[in-house]
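# Survey of secondary and tertiary structure
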Amino acid sequence: MLRETSSAAVAREHVGVRTTCGRDVQVGLLALGGAERPAWRISLDLGRSPGQDEGGWAGLTPAEARRLAAALL
């Protein structure tokens, strides 16, 4: 089960949840490329598992993020 860790005052661009196993998952926006024409992605930071040195992350297009959301639901 996921527990939302963000407050209502935090902008929707950055949402975090903490899993029951202690992993902090962060979802936000990521701009790649030049400032005049950035390529927007949804960033998914899986954080570290307790006792692990590294976490994982992905930069998803909006369509990929929607497919992932559908698969999770």
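Keep in mind that this is a model prediction, so the values were computed, not measured. Within each chain, residues carry numbers counting from 1 in the order of the written sequence. Per-residue local features are limited, in this predicted model, to residues with pLDDT of at least 70; the limit for side-chain atom pairs, both in listing and counting, is 80 or more; totals at the level of whole chains, interfaces and linings are taken over all residues. Heavy atoms throughout the structure, all of them, feed into the side-chain values; hydrogens and water do not.

### Considering the overall build of the protein chain
A run of H or I in DSSP becomes a helix once it reaches four residues, and a run of E becomes a strand once it reaches two; helices and strands are each numbered from the N terminus. Along the backbone of the protein chain there are one helix and five strands. Helices and strands appear in the protein chain in the N-to-C order β-β-β-β-β-α. Of the contacts formed within the protein chain by residues at least 6 apart in sequence, a portion of 9% connects residues at least 24 apart. Only the protein chains shown count as cover for residues, with accessible areas throughout obtained via the Shrake-Rupley method and a probe of 1.4 Å. Counting only carbon and sulfur atoms, one obtains 56% of the accessible surface of the protein chain, whose full area is about 5800 Å². Only heavy atoms enter the contact rule, under which two residues are in contact if any of them lie within 4.5 Å.

### Side note on the pattern of salt bridges
Put simply, a salt bridge is a Lys or Arg side-chain nitrogen that is within 4 Å of an Asp or Glu carboxyl oxygen. Scanning the model with the defined rule gives one salt bridge in all. A salt bridge links D24 to R18; the nearest nitrogen and oxygen atoms lie 2.7 Å apart.

### Topic: the pairing of strand β2 (residues 15-19)
Any two strands between which DSSP finds at least two bridges are classified as paired. Pairing of β2 with strand β3 (residues 24-32), which is carried by four bridges, proceeds in the antiparallel orientation. Following the sheet pairing, R18 is matched in β3 by D24. In this antiparallel pair of consecutive strands, β2 and β3, the connection spans four residues, and G22 shows a positive phi of 95 degrees.

### Side note on the environment of G56
Relative to the assigned elements, G56 resides in strand β5 (residues 56-60). Here the alpha-carbon distance between G56 and D45, two residues 11 residues apart in the chain, equals 6.1 Å. Setting aside residues up to four positions removed in sequence, G56 forms contacts with L44, D45, L46 and G47.

### Looking at the environment of P38
Among the secondary structure elements, P38 is positioned in the loop between β3 and β4 (39-47). With sequence-adjacent residues up to four places away left out, P38 is seen in contact with A31 and L32.

### With respect to the confidence of the model for the protein chain
Here the protein chain shows a mean pLDDT of 78. Residues at 70 or above account for 82%. Note: pLDDT gives the predictor's confidence per residue, expressed from 0 to 100. When the elements of the protein chain are averaged for pLDDT, strand β1 (residues 2-4) gives the smallest value, 42, and helix α1 (residues 62-72) the largest, 92. Residue range residues 1-11 is modelled with pLDDT below 50. Its contacts to residues more than four positions away, or to other chains, number 15 contacts.

### Focus: the environment of G59
Secondary-structure assignment places G59 in strand β5. Only protein chains enter the accessibility calculation, which uses a 1.4 Å probe. A residue is then buried if its area is under 20% of the maximum for its type, exposed if over 50%, and partly exposed in between. Judged by its relative accessible area of 34%, G59 falls in the partly exposed class. Sequence spacing of G59 and I42 is 17 residues, and the spatial spacing of their C-alpha atoms is 5.6 Å. For G59, the contacting residues outside a window of four places in its chain are R41, I42 and E64.

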